[in-house]
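The residues making up each chain are set out below.
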Amino acid sequence: MHCRHLSNFPSLSFGYVVFLLISFFVLLLSSNVVFAHETWILTPEQIDHWNAQKPPDILTQFSSLNLLMISAFLIFIIGWVWLGFTGARELFPDLQARLSSYGDHV
């Protein structure tokens, strides 16, 4: 099956993609960009207080809730990609007609 959407993108080599990913993560981890949002709403004392707290278990331990959230996310992403490849317009023609009747609002 040929995907029309991906044929419009320029061909990127694997090395170039790896270079971009590594550059992004080095830039992200070597700067305070990750924590920039804290200074918008918290005082330095509040930042120190919350950084001294133990992180919630849901963020540090593997559990059935984590597995459920990750599985739901993966199912959503797989469905989204599947709709993109199969063509949502062809699968849901009635929905397309209804959405187009709303004009610029959709």
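Residues numbered from 1 in each chain as written. Predicted model: local features only at pLDDT ≥ 70, side-chain atom pairs only at ≥ 80, totals over all residues. Heavy atoms only, no water.

Hey, could you run me through the overall build of the chain in this one?
Across its full length, the chain holds seven helices and zero strands. From first element to last, N terminus to C terminus, the chain shows the α and β order α-α-α-α-α-α-α. Here the chain holds 106 residues, and the buried ones make up 5% of them. Surface summary for the chain: the accessible area is close to 9,900 Å², and the carbon and sulfur share equals 70%. (Helix = DSSP H or I, 4+ residues; strand = E, 2+ residues; numbered from the N terminus. Buried < 20%, exposed > 50% of the residue type's maximum accessible area, 1.4 Å probe, protein only. Areas by Shrake-Rupley, 256 points an atom, 1.4 Å probe, with all protein chains shown as cover.)

Before we go on, may I ask you to explain the packing of aromatic side chains in this structure?
Each aromatic ring pair is characterised by the separation of its centres together with the angle its planes make. Within this structure, the stated rule accounts for two aromatic pairs. Judged by centre distance (5.3 Å) and plane angle (70 degrees), the ring pair of phenylalanine 24 and phenylalanine 25 falls under edge-to-face. Judged by its relative accessible area of 47%, phenylalanine 24 is partly exposed. A ring pair is formed by phenylalanine 76 and tryptophan 80, whose centres lie 5.5 Å apart and whose planes are at 55 degrees; its orientation type is tilted. Here the residue phenylalanine 76 and the residue tryptophan 80 both occupy positions in helix 5 (residues 64-86), the gap between them amounting to four residues, near one helical turn. By relative accessible area, tryptophan 80 is classed as exposed at 57%. (Phe/Tyr/Trp six-rings, centres within 6.5 Å; stacked < 30°, edge-to-face > 60°.)

Any chance you could explain the confidence of the model for the chain here in plain terms?
When pLDDT drops low, the exact placement of atoms in the prediction is not to be read closely. Per-chain confidence: the chain averages 78 in pLDDT, with 79% of residues scoring 70 or above. Within the chain, the lowest mean pLDDT, 70, falls on helix 6 (residues 88-91), and the highest, 91, falls on helix 3 (residues 44-52). (pLDDT = per-residue confidence, 0-100.)

Even after reading the chapter, I still don't get the side chain of asparagine 66, so can you show me in this structure?
Structurally, asparagine 66 is set in helix 5. Under the relative-accessibility criterion, asparagine 66 is labelled buried at 10%. A polar side-chain atom of asparagine 66 sits 3.3 Å from the main-chain carbonyl oxygen of isoleucine 58. Residues within four places of asparagine 66 in sequence aside, it is in contact with Ile58 and Gln61. (Polar contact = N/O pair within 3.5 Å; in protein donor to acceptor, adjacent residues only side chain to side chain. Contact = heavy atoms within 4.5 Å.)

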